[in-house]
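Coordinate inspection notes
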Amino acid sequence: MRQSSKCTVVLASIYACFGAALPNAFADETCNSPYMSNLIKGQEDFVHVWTLGVKGLGDGSDKLVTIDANPASKTYGKVVDRVPVGGRGEAHHMGFTDDRKFLWAGGLDDSKIYVFDVGTDPSKPKLVRTIADLPAKTKFIGPHTFYALPGRMLIGNLSNTADKGGVTGMALYNNKGSLIARYDMPTASIGGVKGDGYGYDIAINPAKNVLLTSSFAGWQNYMRELGDLIKDPEAMKHFGSTMVVWNLKSMQPTQVLSVPGAPLEIRWSLAPGQNWAITAAALTSKLWLIKQGEGGAWAATEVGTIGNPAQVPLPVDISITAGGKGLWVNTFMDGTTHYFDLTDPEHPKETYQKRIGSQVNMISQSWDGKRVYTTSSLLAHWDKKGADNEQFLRAFNWDGHALTPAFEVDFTKEKLGRPHHMKFTGKAGQSRTLAAIAGQ
Amino acid sequence: MLRSLRFVTTCLLTFASAQAAVDVSPATAPRMEFTPLPPGTYQLPAIQSVEDATLLDERGRPVRLSALTQDKITLLTFFYTYCADPLGCPFAHQTLNMLRDRIVRDPALAREVRFVGISCDPSTDTPDSLARYATDFTTESRFEWRFLTARSVSALLPVLDDFGQDVSVEVDGSGRATRALHHMLKVFLIDRRGRVREIYSLAYLQPEVMLNDIRTLYLEPHTSPADARTGARRPE
């Protein structure tokens, strides 16, 4: 039996037995913090890929890989830089600071946070700071989401130092790398729904002063071999099933919403006045809409199905279009990307799908929606085995009807590792920093 | 309002480094569709302390930055006099004008608040030009609104670095600096002890919220940095 088939059967069993949830993801130009400057609304020049090291492959280290993404460039589609960080800590997600000058990238295993300077020369990022005090100062581990606030970074974590389970919280650092505050995910009942204390993604709507969080699982689960995990009924109970509505100003939870099946990535519609967000629940393979009712309370409503839930396609990353009219959803198990028409967010309709590879996780689109980038790795211990363990970045052009291949980088052949989260940058162009000018 | 338009180009608010691929279309003003929390019902954690520096006031006199970031609640922003982006420096100053008008309705509060603007182009914004610029904003005698510049770009850089305020400059085809500056609009709320307690970028520049944040700090026990060192407490 091929590993992918075995894995599908295994996951189907998980779902059938426990109805619980699984994996993760997050990316792209349309999902950046609303507090971030310099959105790239034209052609991106580089795609930075936070890549998990693989023992025995190249230097074996986690690394930031930079790929030329500008078709006008001589090195288009090629790896132009790599910055190893000197170890394997389960590289996962990244986020820009508010000025887009620095990328913060986290390790889910070692809980280290690496800060790369991508503003000085985006073709050659530099590791300028390593923050290693998250566990000691917050008791949280597994830094996942990096969400820029003005002058600071809000970090959504997955686990804790005490039992390495899923109860966790958020940490707020200033851009200099000093901890400002920590916030526990709620475990009490709020609005009639009991919090599970789990964390995952962060998404803010400034116009509503609302922060939304979602929930996944703790270190005990995400660092475990999937084959072992699913044989442990007790462990399989420990996946998130809630989202939390926070008052952004006070950073106090105001509502807990029941969203079974591990709600992962959260995307607010970016269309002005459209104050709704959407998420995908991994194990139940459902789309959920989060919207404010007339009375002011927020509600989560199941609005769509992704693939055939009985086959556990495992939706992971999602990417909303800039106008809020379309949504890409990657399903890991069948390596397929799906496009949903979100013209009516209450009734998403799948209008296109394409198989990307034997496995696919992250998806990032350009602001204009014309270019779509995908990567393959989910977690080191959850990726498929053998021939199905393809590790790639595959870029496509999107004309509104079909994806056509643009370029591809084979991360195994290039001895890079497992590609995960992607972020875009543009060249410095016709500007220089004031410091550079002063030094002339 | 904008007198020094000799070098008017564009202040591309929010677009810190004018990257070739970066969209430079105007940003939009912030929307606010909620009722802000009442003052004093929430905490504003200390984000960072402000490092001291020596700058120049509108008369060209050296002034310690700490003298204008402590003992009162301070809203500080970086600007340049010829910025013409309607959602850049003019928008920030328009917002601050509105706030000032609200604050002076409460004389006790007005005595405890100041605004500070620091030019990010000391080459152009000399003390003389600052003095002319300031006349548009220092019309209210009951309120302290100060404008500062630096002796040189080199003297300004540590201040920008401390606040995390990046400023970039357009260069021409020969790589020479032009007069086009780019900076991300940020307004810093600083408490009486010289600690940054909130930072407002464009999406966050909501006057009602800013006023409540100021009042939240106003309601805090008043302890100056010097008092904090000696354990003394000022009368409320």
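Note that this is a predicted model, so its numbers are computed, not measured. (Residues numbered from 1 in each chain as written. Chains lettered and ligands numbered in written order. Predicted model: local features only at pLDDT ≥ 70, side-chain atom pairs only at ≥ 80, totals over all residues.)

**Focus: the overall build of chain B**
Assigned secondary structure in chain B consists of 6 helices and 10 strands. Residue burial in chain B is summarised as follows: out of 236 residues, 46% are buried. Of all intrachain contacts in chain B linking residues separated by at least 6 positions in sequence, the fraction that spans at least 24 positions is 72%. (Helix = DSSP H or I, 4+ residues; strand = E, 2+ residues; numbered from the N terminus. Buried ≥ 20, exposed ≤ 12 C-beta atoms within 10 Å, placed from the backbone. Contact = placed C-beta atoms within 7 Å.)

**Some words on the overall build of chain A**
The number of helices and strands found in chain A is 5 helices and 31 strands. For chain A, the C-alpha radius of gyration of 20 Å lies close to 22 Å, the compact-globule estimate for 440 residues. A total of 440 residues make up chain A; the buried ones form 60% of that total. (Rg over C-alpha atoms; globule rule 2.2 N^0.38 Å.)

**A few points about the nonpolar core**
In terms of nonpolar packing, the biggest core is built from 119 residues, with Trp 104, Ala 105, Leu 212 and Ile 290 of chain A touching the most fellow members. For this core, the leading source of residues is strand E8 (residues 140-149) of chain A, giving 6 residues. Not counting the four nearest positions on each side in its chain, Leu 212 of chain A is found in contact with Ala 203, Met 243, Val 245, Ile 266, Ala 277 and Ile 290 of chain A. Grouped together as the second largest cluster of nonpolar side chains are 57 residues, Leu 75, Phe 147, Ala 150 and Leu 160 of chain B included. (Core = buried A, V, L, I, M, F, W, Y, C linked by C-beta atoms within 7 Å.)

**A word on the interface of chain B and chain A**
At the interface, 41 residues of chain B touch 45 residues of chain A. For the side of chain B that touches chain A, the elements supplying multiple residues, two or more each, are helix H4 (153-163), strand E7 (167-171), strand E8 (177-183) and strand E10 (195-200) of chain B. No other element matches the 5 residues that E7 of chain B contributes to the side of chain B that touches chain A. Considering only residue class, the side of chain B that touches chain A consists of 26 nonpolar, 9 polar and 6 charged. The pairing of strand E31 (residues 431-433) of chain A with E7 of chain B spans 3 bridges and is classified as antiparallel. Paired with Thr 433 of chain A across the strands is Ser 168 of chain B, a residue of E7 of chain B. (Nonpolar A, V, L, I, M, F, W, Y, C, P; charged D, E, K, R; others polar. Pairing = 2+ DSSP bridges.)

**Re the sheet that holds strand E20 (residues 286-292) of chain A**
Residue and element names in this part refer to chain A. The sheet built from 4 strands is open, its strands ordered E18-E19-E20-E21 with antiparallel pairing. Each edge of the sheet is formed by a strand with only one pairing partner; in this case those strands are strand E18 (263-268) and strand E21 (298-305). Taken pair by pair, the neighbouring strands of this sheet meet at an average axis angle of 25°, ignoring direction. Pairing of E20 with E21 involves 7 bridges; the strand directions are antiparallel. By the bridge assignment, Lys 291 is partnered in E21 with Ala 299. (Axes fitted to C-alpha atoms, helices over the stretch in contact; angles between N-to-C directions.)

**Structural notes on the confidence of the model for chain B**
Residue and element names in this part refer to chain B. Of the residues in chain B, 82% have a pLDDT of 70 or more, and the chain-wide mean is 83. Contacts from residues 1-26, a stretch scored under 50 in pLDDT, to residues over four places away or in other chains number 95 contacts. Every residue in residues 231-236 scores below 50 in pLDDT, and together they form 8 contacts with partners more than four places removed in sequence or on other chains. Interface confidence for the predicted complex, expressed as ipTM, amounts to 0.90; the pTM equals 0.90. (pLDDT = per-residue confidence, 0-100.)

**Topic: the pairing of E7 of chain B**
Burial within E7 of chain B is extensive, with 5 of its 5 residues counted as buried. Between E7 of chain B and E8 of chain B, which pair antiparallel one after the other, the connecting turn spans 5 residues, and Gly 175 of chain B there sits at a positive phi close to 85°.

**Some words on the environment of Ser 250 of chain A**
Relative to the helices and strands, Ser 250 of chain A is located in the loop between strand E16 (242-247) and strand E17 (252-258). Taking C-alpha positions, Ser 250 of chain A is 35 Å from Thr 51 of chain A, a pair spaced 199 residues apart along the chain. Setting aside residues no more than four positions away along its own chain, Ser 250 of chain A makes contact with Leu 37 and Tyr 42 of chain B.

**Examining the sheet that holds E17 of chain A**
Sheet strands associate in pairs through backbone hydrogen bonding, adopting either a parallel or an antiparallel arrangement. Residue and element names in this part refer to chain A. One open sheet holds the 4 strands; their spatial order is E14-E15-E16-E17, and the pairing between them is antiparallel. The open sheet has two edge strands with one neighbour each: strand E14 (202-205) and E17. Averaged over all pairs of adjacent strands, the angle between strand axes in this sheet comes to 20°, irrespective of strand direction. As judged from the 4 bridges shared by E14 and strand E15 (residues 210-213), these two strands associate in the antiparallel manner.

**As for the pairing of strand E4 (residues 73-79) of chain B**
Residue and element names in this part refer to chain B. Extensive coverage of E4 is indicated by the burial of 7 of its 7 residues. Covered by surrounding structure in E4 are Ile 73, Leu 75, Thr 77 and Phe 79 together with Thr 74, Leu 76 and Phe 78, the residues of both alternating faces. Here E4 pairs with strand E5 (residues 113-119) via 7 bridges, running parallel. When the sheet's bridge partners are listed, Thr 74 is paired in E5 with Arg 114. Relative to strand E9 (residues 187-190), E4 is paired through 4 bridges, and the arrangement is antiparallel. Paired with Thr 74 across the bridge in E9 is Ile 190.

**Here we look at the packing of helix H1 (residues 89-103) of chain B against helix H5 (residues 207-218) of chain B**
All names here are of chain B. It is at 10 Å that the axes of H1 and H5 come closest, and there the two elements cross at 50°. Taken together, the axes of H1 and H5 lie oblique to each other. Along this stretch, H1 crosses H5, giving a crossing that reads as right-handed. From H1, Thr 95, Met 98, Leu 99 and Arg 102 reach across to H5, where they touch Pro 207, Met 210 and Leu 211. (Parallel < 35°, antiparallel > 145°, perpendicular 65-115°, else oblique. Left-handed = near helix turned anticlockwise from the far one by under 90°.)

**Regarding unusual backbone geometry**
Residue Lys 164 of chain A is not a glycine yet carries a positive backbone phi of 55°. The backbone of Asp 71 of chain B sits at a positive phi, close to 70°, despite the residue not being glycine. Within the secondary structure, Asp 71 of chain B sits in the loop between strand E3 (62-64) and E4.

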